[in-house]
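# Residue-level structure breakdown
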Amino acid sequence: NPFTGTARISFEIPQVENNRPTRIVVYNAFGQKVRTLINEVRNAGLHDVYWDGTNSNAKAAASGVYFVTMTFGSSKQVKKIVFLGSE
């Protein structure tokens, strides 16, 4: 799944638990937070979010392995992605 430019991250929220927010956060291989993509209550169902390869300061991230943590209520998933730099 290496990407350049923008990555689409698809996820499914099975159910909303007590209006707890959905959090999608990108971390680098050292466990440092690069960027929070979502931190809001979302409805149950299929969703997409996009990461353009930038950090919280809108600067380009370095090429490498990143981990996307997705928290929906009490459940958590982690996906590994490989960023190859901007186009």
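Residues numbered from 1 in each chain as written. Predicted model: local features only at pLDDT ≥ 70, side-chain atom pairs only at ≥ 80, totals over all residues. Heavy atoms only, no water.

Secondary structure assignment for the chain yields 0 helices and 7 strands. Across the chain, helices and strands are ordered from the amino to the carboxyl terminus as β-β-β-β-β-β-β. For 87 residues, the compact-globule estimate of 2.2 N^0.38 gives 12 Å, and the chain sits close to it at 13 Å. Summarising its shape, the C-alpha atoms of the chain cover approximately 40 × 20 × 20 Å along the three principal directions. (Helix = DSSP H or I, 4+ residues; strand = E, 2+ residues; numbered from the N terminus. Rg over C-alpha atoms; globule rule 2.2 N^0.38 Å.)

A few words on the packing of aromatic side chains. All chains considered together, the criterion is met by 4 aromatic pairs. With a centroid separation of 5.5 Å and 50° between ring planes, the pair formed by W51 and F83 is classed as tilted. With W51 in strand β5 (residues 45–51) and F83 in strand β7 (residues 75–83), this residue pair connects regions lying 32 residues apart in the sequence. Classification of W51 by relative accessible area gives buried; the value is 0%. Given a relative accessible area of 2%, F83 falls into the buried group. An aromatic cluster is present here, built from W51, Y66 and F83 joined pairwise through their rings. (Phe/Tyr/Trp six-rings, centres within 6.5 Å; stacked < 30°, edge-to-face > 60°. Buried < 20%, exposed > 50% of the residue type's maximum accessible area, 1.4 Å probe, protein only.)

Time to look at the pairing of strand β6 (residues 64–72). Bridge count between strand β3 (residues 22–28) and β6: 7 bridges; the pairing is antiparallel. Counterpart to V26 in the pairing with β6 is V68. By the bridge criterion, 9 bridges tie β6 to β7 in an arrangement that is antiparallel. Along β7, the bridge assignment pairs Y66 with I81. (Pairing = 2+ DSSP bridges.)

Before going further, it helps to examine the side chain of H47. Among the structural elements, H47 can be located in strand β5. For H47, a relative accessible area of 16% corresponds to the buried category. Polar side-chain contacts of H47 include one of 2.7 Å to the backbone oxygen of N43. Residues in contact with H47, not counting those within four places in the same chain, are I9, S10, F11, I13 and R42. (Polar contact = N/O pair within 3.5 Å; in protein donor to acceptor, adjacent residues only side chain to side chain. Contact = heavy atoms within 4.5 Å.)

As a further point, take the environment of S63. In this fold, S63 is placed in the loop between β5 and β6. A distance of 3.3 Å separates a polar atom in the side chain of S63 from the backbone oxygen of L84.

Right, let's get into the environment of D52. By the secondary structure assignment, D52 is in the loop between β5 and β6. Classification of D52 as partly exposed rests on a relative accessible area of 37%. Sequence separation between D52 and V41 is 11 residues; the distance between their C-alpha atoms is 22 Å. Discounting residues that sit within four places of it in the chain, D52 has contacts with G5, T6 and R35. Here the side chain of D52 touches R35 through a polar contact of 2.9 Å, side chain to side chain.

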